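# Examining the three-dimensional arrangement
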Amino acid sequence: MSRVLVTGGAGYIGSHTLRALQGRDYTPFCLDNLSTGYREFAGDTAFLAGDLARQSDIDEAFRNRDISAVIHFASHALVEESCRNPHKYYSDNISNALRLLEGMLRYGVTRIVFSSSCATYGMPARVPIDESFPLDPVNPYGTTKMVIERMLRDYENAHGLRWIALRYFNAAGAAHDAGIGEWHNPETHLIPRLLNIACGMGGCAEIYGEDYPTPDGTCIRDYIHVMDLALAHVAALEHLFAGRPSDVFNLGTGQGASVRQVLDRAREVTGRRIPAAVMPRRPGDPPELVANPEKARVVLGWEAQHSSLEEIVETAWRWRRGGLCQALAARSGASRG
Ligand code: UDP
């Protein structure tokens, strides 16, 4: 069994990855400061409440644990917030990653899987997007992901670090047993926002723009089930443990869905009324982001298995009405279901 340090393992994608690791030849160890994650999400994984801002916490995570790889999720991840408060993103996301890399060097850990994003591509000229597209992020969040990818390259050149950067498209859905899922406060993402309304939280779904150059005028995204993302991290670790080269991969399905298509599917799956209104465009939204996931298929042997819009919305809806999500909603004063 290889021990893997998972930073941010109490977050949305991190917690699903803990589960994927546990079912295989890895023993995860979770380091999370619980700023946006939930202790319950890490389940029975060994857990340290610690912060990458403190070298002493990083040392504690590595010391005497025989860690052989790191998966790094922990970071601020709100695009809009990053535009309002770039300092928070540049200072925390980048310096924490740097401290983590230095910690890896001190403890002789040479493998890392990094949670990157399609936000590194900015406003691509066309779709589908493959890994050779130029990186040109249009917000500080995407810029931090790009910079950290560059740092990984530099640490490889200087210190022999081996890394995989996974550029996620739109993570969505929840574990099939509804034990963990997506819960952000505030919630900015389309699918959980629609399901909050379906749950009776009130309000009206907001469609950010209906005048995009797409068939129905709304933005198109490539939604990828969080369990598929989790499995890609396992494939990335296997790649590194097999001694194969550092690399970067897009994680998506290759199929786009428009905001209107997602809304229709949410109405269908929930059987609830979800009133919607068209709002102005949200600044910084590209009309269409769809991955070309071919490289991950060929090199990692990874392919989305659970990412039909139906399965995504169904699992997210089951989670939204399940016990833990209801408890989290109650804590935040949003409990109807
Ligand atoms: N969106 C929307 N209404 C919402 C939230 C999102 O129309 O309440 C749109 C958003 O403009 C984008 C898509 O849904 O085109 C997905 O947005 P989300 O915030 O879920 O993910 P992003 O693509 O920004 O990472």
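Everything here concerns the structure above.
Below, the structure is looked at part by part. Note that the structure is predicted; figures quoted are calculated from it, not measured.

## Here we look at the sheet that holds strand β3 (residues 46–49)
On the basis of which strands lie adjacent, the open sheet formed by seven strands has the order β3-β2-β1-β4-β5-β6-β11 and parallel pairing. Of all the strands in the sheet, the pair left with one neighbour each is β3 and β11 (247–251). Here the strands of the sheet are splayed against their neighbours by 20° on average, with no regard to which way each runs. Where strand β6 (residues 162–168) meets β11, five bridges bridge the pair, whose relative direction is parallel. Counterpart to tyrosine 168 in the pairing with β11 is leucine 251.

## Section: the nonpolar core
One finds Ile71, Leu166, Leu237, Leu251 and Trp302 to be the most contacted residues of the largest nonpolar core, which totals 35 residues. Put simply, the parts of the chain that give this core at least two residues each are β1 (2–7), α1 (12–22), β2 (26–32), β4 (67–72), β6, α7 (226–241), β11 and α9 (294–300). Element by element, the count of residues in this core is highest for α7, at 10 residues. In this view, isoleucine 71 contacts Val4, Leu5, Val6, Thr7, Thr17, Leu21, Val113, His233 and Leu237; residues no more than four positions away in its chain are not counted. In terms of nonpolar packing, the next biggest core, distinct from the first, is built from 26 residues, Phe62, Val70, Val109 and Ala165 among them.

## A short note on the pairing of β2
The element β2 is largely enclosed, with a buried count of six among its seven residues. In terms of strand pairing, β1 meets β2 through six bridges, oriented parallel. Pairing of leucine 5 across the sheet is with phenylalanine 29, part of β2. As for the winding sense of the linkage, the β-α-β connection from β1 through α1 to β2 is right-handed. Bridge count between β2 and β3: four bridges; the pairing is parallel. Bridge assignment links leucine 31 to a residue of β3, and that residue is leucine 48.

## Focus: the state of the cysteines
Disulfides are covalent bonds that link the sulfur atoms of two cysteine residues. Summed over all chains, the structure comprises zero disulfides. With no disulfide of its own, cysteine 83 lies closest to cysteine 118 among cysteine sulfurs, the gap being 14 Å. According to the relative accessible area criterion, cysteine 83 is partly exposed, its value standing at 48%. With no disulfide of its own, cysteine 204 has cysteine 199 as its nearest cysteine by sulfur position, at a separation of 16 Å.

What counts and how
Residues numbered from 1 in each chain as written. Predicted model: local features only at pLDDT ≥ 70, side-chain atom pairs only at ≥ 80, totals over all residues. Heavy atoms only, no water. Pairing = 2+ DSSP bridges. Helix = DSSP H or I, 4+ residues; strand = E, 2+ residues; numbered from the N terminus. Axes fitted to C-alpha atoms, helices over the stretch in contact; angles between N-to-C directions. Core = buried A, V, L, I, M, F, W, Y, C linked by side-chain atoms within 4.5 Å. Buried < 20%, exposed > 50% of the residue type's maximum accessible area, 1.4 Å probe, protein only. Contact = heavy atoms within 4.5 Å. Right-handed = clockwise from strand over helix to strand, strands pointing away. Disulfide = S-S within 2.5 Å.

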